[in-house]
Amino acid sequence: MNHSLVDVRELYKSFGHGEAKTQVLKNLDLTLQTGELSALLGPSGSGKSTLLTILGTLMQPTSGSYSMLGTDLTTASDHELTTFRNLHIGFVFQFHNLLPDFTALENVIFPTAVREGRERPSAVTRGRELLTRMGLANRIDFPSTKLSGGQKQRVAVARALMNKPELVLADEPTGNLDKESANQVMELIGQINRDEGTTFLISTHDESIATRCRRQIRVDEGRVTG
Amino acid sequence: MLYAIKIAVRYLTANKAQTSLLVFGVAVGVFIFIFMSALIGGLAEFIMARTAGDLSHVTIEAESQDPPLLIPSPAETILLVQQKDSTRTAQLSTIDAFIPIMEALPGVLATSQQITGGGFLKHGALARQVSVTGLEPDKVSAIVNLKSYLIEGSAELGTGTILIGKTLAEDMSFRLGQTVRLQADTGIDASLIVSGIFETGSGGYDRRQAYISLATARTLFAMPQGVSKVEIKLTDLYDAAATAARIEAVTGLPATPWTENAAQLLDALKAQGQTGLLLKTFALVTIIIGVASALLLSTYRRRPEIGIMRAMGTPRSFVIFVFVSQGAIIGLVGGLLGAAIGYLVLLMFPTREEFRPGNLPIDITQGAYGIAILLTTIGAIAASILPARSASRVDPVTAIGQ
Ligand SMILES: Nc1ncnc2c1ncn2[C@@H]1O[C@H](COP(=O)(O)OP(=O)(O)OP(=O)(O)O)[C@@H](O)[C@H]1O
Ligand SMILES: [Mg+2]
């Protein structure tokens, strides 16, 4: 094996059967190197979300191979995948990102607390640091529902980073934000990527967001076209 | 799993109105459970106290010799039955030696030697048939608690005194201290002073029963020694059959437990207990359905969140624990609340001691509070299993993708 973080070969994904069958991913190959900051581009319905979901181990491909950190993730059990996700993968979604009944800080430390069975002081400290870094020092104990859209996404980024994952998958993280908030979020992601070498894969429709990333991956007709 | 409990509590407190309503619903179910327990328990105890309480729990009675039945030979057609001699009372002549033995048996509270017979109470032109019981003077209240039923005079029996029921006294216009004449079936009669009047509330007793001292009874019924029967009171009236068997084994005397003649009463109590059980089961089932449906609704509402949790590497078991904890908390809090309400409501009813016929005989001590809380908590946990499993099976992709 080489030193790539993510290795996807001949990936197929289809939904449904017979007449209703939709072939979404067709023979897709993709490699991500550690430390990459990549944008995932493509027309609506091209399969960006589907790919991110498979990379995030939330869904299994119909066929093909997918390994990360040298671990084959297409044959692992649900329990193994759960643990793997917790330790190595962070998510930022477009909607439904935060747990509504919890504060910003509680949301951020959730991935660690759920693994450790309680909210340890060390986790609280890291959570505060991350929120401060995201420019939310004055929103640490805010109920998550009272945050603005941009603030919510920054909390989501902080949470994705909580367990120091190797890979952060973001599905249109700025799709819901105005230009200024979107830039702010992208700026922070860029900083983290530079400072900590965390690998990001960010799907977007916005070319200006894509140009902030060092690599652009285009998907069309279910495969990577460039 | 402190963290799962924290999340469970957070979920419950997030929607205070809904949770309060749910907890209150559970509490109402628990209240019904406790109220039924106290009522059925109190009722059973009350009926027992009223009936079996004044009964002899084990009775040793001399076997009256049945008159011989002359079985006709096939050739003849005459059937001859000899009339039982009613004046000759059967007697236990050798009882004295057995009394200390019986009193030493475990569970035996008291024994009472009695001479019983019939007679007429006369006053001027009036006469009433009475059942007469001769009691040992120091054991007047050993079986029937005469002392507690006394409305006039004293419950002491001396030579030449008689205790009679209220109805009888009214019928004959007897008053306390009056001298009356008692003629026994044996033909012997005696002049006795009315030293007390009782009212048991039981018609037959108050109209027909008279008590005299054992010594007076010996004279009247011509029994210089022995007694007609021995009545025995036990510490536990449910132990009567076993104790009767033991007495028979030890003494060889025919001992009959009260239960032998009280099958109807026992059946009624059993039926009553089963009705109570049924109502309590319904209360529990209602609690379980209520909790299950509320939690199921909650898992549905929280699908996106559960999806996010799963995406962040939350094990299914953790999700299950969060929802089962919610069930347990609802059950426990609802159970405690219901028990508290139940206790306070039962406090408003008269206590066992103050109880009078006509009120609901509710016994606050039989509320079964602990069992109610325990069963409710277990029931609520059971009710949460289905919602918890459904929550743990939420597919993060569809839940978040909405
Ligand atoms: N669970 C599913 N069942 C059936 N079809 C699905 C399912 N999920 C996705 N698809 C289909 O797969 C195709 C790709 O969907 P996907 O969400 O990956 O596209 P996308 O590139 O993310 O689009 P967008 O830019 O609009 O978010 C679509 O045609 C969609 O209808
Ligand atoms: Mg998409």
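Described in the following lines is the structure provided in the data block. (Residues numbered from 1 in each chain as written. Chains lettered and ligands numbered in written order. Predicted model: local features only at pLDDT ≥ 70, side-chain atom pairs only at ≥ 80, totals over all residues. Heavy atoms only, no water.)

### Side note on the overall build of chain B
Alright, step 1. Helix and strand content of chain B: 13 helices and 12 strands.
Alright, step 2. Its C-alpha radius of gyration of 33 Å places chain B more than 25% over the 21 Å reference for a compact globule of 402 residues.
Alright, step 3. Once the C-alpha set of chain B is aligned to its principal axes, its extents read approximately 105 × 60 × 45 Å.
Alright, step 4. Within chain B, buried positions represent 46% of all 402 residues.
Alright, step 5. Long-range pairs, those at least 24 residues apart, make up 78% of the contacts in chain B between residues at least 6 apart in sequence.
Alright, step 6. Split by element, the accessible area of chain B, about 19,900 Å² in all, is 61% carbon and sulfur. (Helix = DSSP H or I, 4+ residues; strand = E, 2+ residues; numbered from the N terminus. Rg over C-alpha atoms; globule rule 2.2 N^0.38 Å. Buried < 20%, exposed > 50% of the residue type's maximum accessible area, 1.4 Å probe, protein only. Contact = heavy atoms within 4.5 Å. Areas by Shrake-Rupley, 256 points an atom, 1.4 Å probe, with all protein chains shown as cover.)

### Quick look at unusual backbone geometry
Residue and element names in this part refer to chain A.
Alright, step 1. Although it is not a glycine, Thr 57 adopts a positive phi angle of roughly 60°.
Alright, step 2. Tracing the chain through its elements places Thr 57 in the loop between helix H1 (48-55) and strand E4 (63-68).
Alright, step 3. On the basis of relative accessible area, Thr 57 is assigned to the buried category, the value being 6%.

### Let's talk about the sheet that holds strand E3 (residues 37-41) of chain A
Residue and element names in this part refer to chain A.
Alright, step 1. One open sheet holds the 6 strands; their spatial order is E6-E7-E8-E3-E9-E10, and the pairing between them is mixed. At either end of the open sheet lies a strand with only one pairing partner, and these are strand E6 (89-92) and strand E10 (223-224).
Alright, step 2. H1 rests against E3, E6, strand E7 (167-171) and strand E8 (199-203) of the sheet, and its axis sits at about 150° to E7.
Alright, step 3. Each of E6 and E7 touches helix H2 (residues 78-88); the most contacted strand, E6, lies at about 75° to it. (Pairing = 2+ DSSP bridges. Axes fitted to C-alpha atoms, helices over the stretch in contact; angles between N-to-C directions.)

### As for H2(A)
Alright, step 1. Among the residues of H2(A), A:Leu81, A:Thr82, A:Phe84, A:Arg85, A:Asn86 and A:His88 are the ones counted as buried.
Alright, step 2. Looking at the buried residues of H2(A), the elements they touch are E4, strand E5 (71-72), E6, helix H3 (104-116) and E7 of chain A together with helix H10 (303-311) of chain B.

### Considering the site of ligand 1
Residues and elements named next belong to chain A.
Alright, step 1. Neighbouring ligand 1 are the residues Phe 15, Val 24, Pro 43, Ser 44, Gly 45, Ser 46, Gly 47, Lys 48, Ser 49, Thr 50, Glu 172 and His 205.
Alright, step 2. In this structure, Ser 46 approaches ligand 1 through a main-chain N or O atom, which is 3.3 Å from an oxygen atom.
Alright, step 3. A distance of 2.7 Å separates an oxygen atom of ligand 1 from a polar atom in the side chain of His 205.
Alright, step 4. Ranked by the residues each element gives to the shell around ligand 1, the list is headed by H1, at 3 residues.
Alright, step 5. When its residues are assigned to classes, the shell around ligand 1 shows 3 nonpolar, 7 polar and 2 charged. (Near = heavy atom within 4 Å. Polar contact = N/O pair within 3.5 Å; in protein donor to acceptor, adjacent residues only side chain to side chain. Nonpolar A, V, L, I, M, F, W, Y, C, P; charged D, E, K, R; others polar.)

### Here's the deal with the side chain of B:Thr200
Residues and elements named next belong to chain B.
Alright, step 1. Along the chain, Thr 200 falls in the loop between strand E9 (189-198) and helix H6 (203-208).
Alright, step 2. Side chain to side chain, Thr 200 and Asp 206 meet in a polar contact 2.9 Å long.
Alright, step 3. Beyond its immediate stretch of four places on either side in the chain, Thr 200 contacts Arg 50, Tyr 149, Tyr 205 and Asp 206.

### A word on the packing of aromatic side chains
Residue and element names in this part refer to chain B.
Alright, step 1. Across all of its chains, the model carries 9 aromatic pairs over all chains by this definition.
Alright, step 2. Judged by centre distance (6.0 Å) and plane angle (40°), the ring pair of Tyr 3 and Phe 318 falls under tilted. Taken together, the residues span a long stretch of sequence, with Tyr 3 in helix H1 (residues 2-14) and Phe 318 in helix H11 (residues 316-347) at a distance of 315 residues. Summarising the burial analysis for this pair, Tyr 3 and Phe 318 share the class buried.
Alright, step 3. Their ring planes at 40° and their centres at 5.8 Å tell us that Phe 31 and Phe 35 sit as a pair that is tilted. (Phe/Tyr/Trp six-rings, centres within 6.5 Å; stacked < 30°, edge-to-face > 60°.)

### Thoughts on the nonpolar core
Alright, step 1. Core analysis: the largest hydrophobic core is formed by 55 residues, its most contacted members being A:Val6, A:Leu55, A:Met68 and B:Ile7.
Alright, step 2. In this structure A:Val6 touches A:Leu30, A:Thr31, A:Leu32, A:Leu55, A:Tyr66, A:Ser67, A:Met68 and A:Leu167, once residues within four positions along its chain are discounted. (Core = buried A, V, L, I, M, F, W, Y, C linked by side-chain atoms within 4.5 Å.)

### Let's talk about the interface of chain A and chain B
Alright, step 1. Tallying the contact residues gives 26 residues for chain A and 26 residues for chain B.
Alright, step 2. Of the roughly 2,400 Å² buried where chain A meets chain B, counting both sides, 65% is carbon and sulfur surface.
Alright, step 3. Between chain A and chain B we count 6 salt bridges in total.
Alright, step 4. For the interface between chain A and chain B, the tally reads 11 residue pairs in polar contact (both at pLDDT 80 or more).
Alright, step 5. When residues of the side of chain A that touches chain B are traced back to their parent elements, those giving at least two are H2 and H3 of chain A.
Alright, step 6. Ranked by residues supplied to the side of chain A that touches chain B, first place goes to H3(A) with 5 residues.
Alright, step 7. Considering only residue class, the side of chain A that touches chain B consists of 13 nonpolar, 6 polar and 7 charged. (Buried area = accessible area lost by both parts, 1.4 Å probe. Salt bridge = Lys/Arg side-chain N within 4 Å of Asp/Glu carboxyl O.)

### So, the packing of H3(A) against helix H5 (residues 149-161) of chain A
Residues and elements named next belong to chain A.
Alright, step 1. Where H3 contacts H5, the two axes come as close as 7 Å, and the packing angle between them is 30°. Viewed along their axes, H3 and H5 adopt a mutual orientation that is roughly parallel. You can see that H3 and H5 cross each other, and the crossing is right-handed. Facing H3, whose interface residues are Ala 104, Asn 107, Val 108 and Pro 111, H5 presents Val 155, Ala 158 and Arg 159. (Parallel < 35°, antiparallel > 145°, perpendicular 65-115°, else oblique. Left-handed = near helix turned anticlockwise from the far one by under 90°.)

### Re the side chain of B:Gln113
Alright, step 1. With respect to the element layout, B:Gln113 can be found in strand E4 (residues 108-123).
Alright, step 2. Beyond its immediate sequence surroundings of up to four residues, B:Gln113 is in contact with B:Ile95, B:Asp96, B:Ile99, B:Gly134, B:Leu135, B:Glu136, B:Leu214, B:Val227, B:Lys229 and B:Val230.

### Section: the pattern of salt bridges
Alright, step 1. Inspection of every chain in the model, using the stated rule, returns 21 salt bridges over all chains.
Alright, step 2. For the salt bridge of A:Arg215 with A:Glu36, the shortest nitrogen-to-oxygen distance reads 3.0 Å. With A:Arg215 in strand E9 (residues 215-220) and A:Glu36 in the loop between strand E2 (22-32) and E3, the pair connects residues that are 179 residues apart, well separated along the chain.
Alright, step 3. Note that A:Lys179 is salt-bridged to A:Asp206, the shortest N-O span being 3.9 Å. One end of the pair, A:Lys179, is in helix H6 (residues 179-196); the other, A:Asp206, is in the loop between E8 and helix H7 (207-210), and 27 residues separate them in sequence.
Alright, step 4. Residue A:Asp206 is classed as partly exposed on the basis of its relative accessible area of 29%.
Alright, step 5. A single salt-bridge network, built from bridges that share partners, covers A:Glu106, A:Glu119, B:Lys6 and B:Arg10.

### Digging into the sheet that holds E4(A)
All names here are of chain A.
Alright, step 1. The strand order across the open sheet built from 4 strands is E2-E1-E4-E5, with neighbouring strands paired in antiparallel fashion. The sheet is open, and its two borders are formed by E2 and E5, each paired with just one other strand.
Alright, step 2. In the sheet, E4 pairs with E5 via 2 bridges, with the strands oriented antiparallel. Each bridged residue has a counterpart across the sheet, and for Ser 67 the counterpart in E5 is Asp 72.

### Examining the packing of helix H9 (residues 263-301) of chain B against H10(B)
Residue and element names in this part refer to chain B.
Alright, step 1. Contact pair H9 / H10: the axes reach a minimum separation of 5 Å and the direction vectors enclose 65°. Together, Thr 299, Tyr 300 and Arg 301 of H9 and Arg 303, Pro 304 and Ile 306 of H10 make up the contact between the two elements.
Alright, step 2. Residues belonging to the contact of H9 with H10 are distributed by class as follows: 3 nonpolar, 1 polar and 2 charged.

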